Amino acid sequence: MTGRVIAGRQRASAPRRAGACALSILLTRKHSSSSFLVNKEDAMLEAAPVADLTSHLGYWLRLVSNHVSHAFARKLEAEGVTVAEWVLLRELYGVPSLGPSRLADTMGLTRGAVSKLADRLIRKRLVVREDRADDARAHLLALTPAGRDLVPRLAAHADTNDAAFFGHLTREERAALEGLLKTIALKRGLKAMPLA
């Protein structure tokens, strides 16, 4: 019986010694850059200096883009259309008609979004829906005479807006800027038209 009691004590005390040893390790381990308990990437991020906003190219692109697009949007509002509506009208200009699927692919939108835009322009009497001769279930979108008359006026606003923001650039500077932006768009696979 004595032997069993001693054995029992030994078995019971073993976990306590292991726990005490582990506790001792946890309490005495120092947090340092060489410790496995510290995420080195987090430590580097915390130590890295925080860059100023104006040191990012994205800041300057956004600053200019916001002002260019807002100024253009205000000009279009005076004509009773939005930027997205202008883009759809311009896509339809110079062609007899286009299907919603084709417009969706070109503009980087869903067919549902194109349909909503078309509905708004139909209510404004700038676009009409036409039945397709080869498919009674499908339809095409086309400009009304009022829509065709409006597009050149809207295009003139786009030209005026461009001149206001980029007219001071030389031909070489403008070509360089356009080339750089196109390179970035191509590299990133950016295809959807800017609609806002």
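Above this text sits the structure in question.
Note that the structure is predicted; figures quoted are calculated from it, not measured. (Residues numbered from 1 in each chain as written. Predicted model: local features only at pLDDT ≥ 70, side-chain atom pairs only at ≥ 80, totals over all residues. Heavy atoms only, no water.)

Caption draft 1: Here's a closer look at the overall build of the protein. Within the protein, the regular secondary structure consists of eight helices and two strands. Ordered by position from N to C terminus, the α and β elements of the protein give α-α-α-α-α-α-β-β-α-α. Expressed as a percentage of its 196 residues, the buried residues of the protein come to 20%. Across the protein, the fraction of contacts at a sequence separation of at least 24, relative to all contacts at a separation of at least 6, is 54%. Of the roughly 14,600 Å² of accessible surface on the protein, 59% is carried by carbon and sulfur atoms. (Helix = DSSP H or I, 4+ residues; strand = E, 2+ residues; numbered from the N terminus. Buried < 20%, exposed > 50% of the residue type's maximum accessible area, 1.4 Å probe, protein only. Contact = heavy atoms within 4.5 Å. Areas by Shrake-Rupley, 256 points an atom, 1.4 Å probe, with all protein chains shown as cover.)

Caption draft 2: Summary view of the packing of helix 3 (residues 57-77) against helix 7 (residues 145-166). Contact geometry for helix 3 and helix 7: axes closest at 10 Å, N-to-C directions at 150°. Crossing angle aside, the handedness with which helix 3 passes helix 7 is right-handed. For the pair helix 3 and helix 7, contact is made by Val64, His67, Val68, Ala71, Phe72, Lys75 and Leu76 and by Leu154, His157, Ala158, Thr160, Asn161, Phe165 and Phe166, respectively. Classifying every residue of the contact of helix 3 with helix 7 gives nine nonpolar, four polar and one charged. (Axes fitted to C-alpha atoms, helices over the stretch in contact; angles between N-to-C directions. Left-handed = near helix turned anticlockwise from the far one by under 90°. Nonpolar A, V, L, I, M, F, W, Y, C, P; charged D, E, K, R; others polar.)

Caption draft 3: Layout of the environment of Leu195. The residue Leu195 is located in the segment after helix 8 (171-188) in this model. Separated by 112 residues in sequence, Leu195 and Val83 place their C-alpha atoms 5.7 Å apart. Aside from chain neighbours lying at most four places away, what touches Leu195 is Val83, Ala84, Val87, Met107 and Leu109.

Caption draft 4: Structural context of the environment of Val81. Mapped onto the secondary structure, Val81 falls in the loop between helix 3 and helix 4 (83-92). Remark: the alpha-carbon pair of Val81 and Lys124, spanning 43 residues in sequence, is separated by 9.0 Å. Excluding anything up to four places from it in sequence, Val81 contacts Leu76, Leu89, Lys124, Leu126, Leu150 and Leu154.

Caption draft 5: Structural detail: helix 6 (residues 111-123). With 13 residues, helix 6 should reach 18 Å at 1.5 Å per residue; the first-to-last C-alpha distance of 18 Å fits that figure. Where helix 6 is concerned, the buried positions are Val114, Leu117, Ala118 and Leu121. The arc enclosing the buried residues of helix 6, seen along the axis, measures out at 100°, which places them on a common side. In helix 6, the exposed positions angled more than 90 degrees off the buried face are occupied by Lys116 and Arg123. (Expected span 1.5 Å × (residues − 1). Arc of directions from axis to C-beta.)

Caption draft 6: Focus on the nonpolar core. Formed by 26 residues in total, the largest nonpolar core has its most connected members in Leu88, Leu89, Leu92 and Val127. At the level of secondary structure, the elements contributing two or more residues to this core comprise helix 3, helix 4, helix 5 (100-107), helix 6, strand 2 (135-143) and helix 7. The dominant element in this core, judged by the number of residues it contributes, is helix 4, at seven residues. Dropping the residues within four chain positions of it, Leu92 is found in contact with Leu98, Leu103, Val127, Leu141, Ala142 and Leu143. (Core = buried A, V, L, I, M, F, W, Y, C linked by side-chain atoms within 4.5 Å.)

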